[in-house]
Amino acid sequence: MNPLLRWLARRLLLGVLVVLGAASAAFAALHLTPGDPAEVMLGGTATSPAAVAEVRKDLGLDRPLAAQYASFLGRLLTGDLGTSYQLQRPVTELISEQAAPTLWLALTGFALGCAFALPLAVATAGRRPGLRRLSAAVELVLVSTPAFWVGVLLLALLSFRWQLFPAAGGEGVRALVLPAVTLALSLVGVFAQVLRESMEHSLGQPYALASRARGATETDLRLRHALRHSLVPLVTLSGWTIGALLSGTVIIETVFSRQGLGRLMTAAVNSRDLPVVTGLVIASAALFVVVNILVDWLYPVIDPRLKEAVA
């Protein structure tokens, strides 16, 4: 078998095990929640034992636990994440509706974070000590500042005072700017520090010395050689960051009153809509697996010396 296909098959198998583990943990959490799961899903409003018994029967909670687990895994294999008892709609349908706004927000924030961090790192790695110290100080402030506070500041200045962007909700690019910039500012500090340190290491390698000996300019050396070799740690960090961004959007979507998976999760937790919470956990695990497979695939693309490690 082709080494790349063998590697992909191995990673997909591990990914299935990760999703299965997340699904099993979510199933266990459902049954470890204090009280009767049927009563929990009804939000404690059920006063009639008959109503609780009906919900229990509808959801199959009156069957043995092993049978419930087998049925749960069987439905999962077909892509069925269950039905929201409060909203009376399939969980897959709810997640599909809210996935696009969250993905757009997370990916735009990630792209802006990279766009801000790359010039900072390239311009200050190993030179311009004054600018480097200033950049490091700004990055430290950005890393230490809570995202929700940055979001409130941006709202106060750019929305309420100068009315440049909508304050809440809305569709289109203008409504995406403030939430995406808020997410991006929380990433710039980390990305710039990781990339700068990696680039300073790369600039001390023998190939950098050889490039200088062949007459390469400093800008050419940084952009054509050192930057590429410095991207591996940033790509590794990006795999974790994208997964964290999807969960971090809970705060941003709440501050800016945007639709998305974060607000769906918040509403599901508040209303004890356990099928939706379980579905979101499984969907997040699956997405995290896909992102990490893409990250691992990028390693040899960035640095061909890593092809053997992937194979």
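Residues numbered from 1 in each chain as written. Predicted model: local features only at pLDDT ≥ 70, side-chain atom pairs only at ≥ 80, totals over all residues. Heavy atoms only, no water.

**A word on the domain arrangement of the protein**
Under the domain assignment, the protein is made up of domain 1 (23-80) and domain 2 (92-309). Counting from both sides, the interface comprises nine residues of domain 1 and, opposite them, eight residues of domain 2. Across the interface of domain 1 and domain 2, roughly 730 Å² is buried in total on both sides, 78% from carbon and sulfur atoms. Along the contact surface separating domain 1 from domain 2 lie zero salt bridges. Of all elements in the fold, only helix 1 (3-32), helix 2 (37-41) and helix 4 (65-77) reach the threshold of two or more residues within the side of domain 1 that touches domain 2. With three residues, helix 1 is the largest single contributor of residues to the side of domain 1 that touches domain 2. Looking at the side of domain 1 that touches domain 2 residue by residue, the class counts come to seven nonpolar, two polar and no charged. (Domains from an automatic or database assignment. Contact = heavy atoms within 4.5 Å. Buried area = accessible area lost by both parts, 1.4 Å probe. Salt bridge = Lys/Arg side-chain N within 4 Å of Asp/Glu carboxyl O. Helix = DSSP H or I, 4+ residues; strand = E, 2+ residues; numbered from the N terminus. Nonpolar A, V, L, I, M, F, W, Y, C, P; charged D, E, K, R; others polar.)

**Some words on the UniProt feature "transmembrane region" (unreviewed entry) in the protein**
Sequence positions flagged by UniProt for "transmembrane region" (unreviewed entry) are, in local numbering, residues 103-125, 137-160, 172-195, 231-256 and 276-299. Secondary structure content for residues 103-125 is 96% helix and 0% strand, and the end C-alpha separation is 32 Å. Between the first and last C-alpha atoms of residues 276-299 the distance is 35 Å; the span itself is 100% helix and 0% strand. (UniProt positions renumbered as here; feature names shortened; annotations may be inferred.)

**Things to note about the packing of helix 7 (residues 147-161) against helix 8 (residues 173-203)**
At a minimum axis separation of 9 Å, helix 7 and helix 8 run at an interaxial angle of 140°. Comparing the axis directions of helix 7 and helix 8 gives the class oblique. Note that helix 7 runs across helix 8; the crossing there is right-handed. The residues of helix 8 that touch helix 7, namely those facing A147, V150, G151, L154, L155, L158 and S159, are L178, V181, T182 and L185. (Axes fitted to C-alpha atoms, helices over the stretch in contact; angles between N-to-C directions. Parallel < 35°, antiparallel > 145°, perpendicular 65-115°, else oblique. Left-handed = near helix turned anticlockwise from the far one by under 90°.)

**With respect to the side chain of T278**
Within the fold, T278 resides in helix 12 (residues 274-302). Since its relative accessible area comes to 12%, T278 is described here as buried. Those residues within four positions of T278 in sequence are excluded, and the remaining contacts are A26 and F72. (Buried < 20%, exposed > 50% of the residue type's maximum accessible area, 1.4 Å probe, protein only.)

**Examining the pattern of salt bridges**
It is possible for side chains of opposite charge to pair when their charged atoms get near one another. Summed over all chains, the structure comprises eight salt bridges. Between R89 and E97 there is a salt bridge, and its shortest N-O distance comes to 2.3 Å. For R89, a relative accessible area of 25% translates into the label partly exposed. With relative accessibility at 44%, the residue E97 sits in the partly exposed group. The salt bridge partner of E200 is R132, with a shortest N-O separation of 2.9 Å. In this pair, E200 is assigned in helix 8 and R132 in helix 6 (residues 129-144), connecting sequence segments 68 residues apart.

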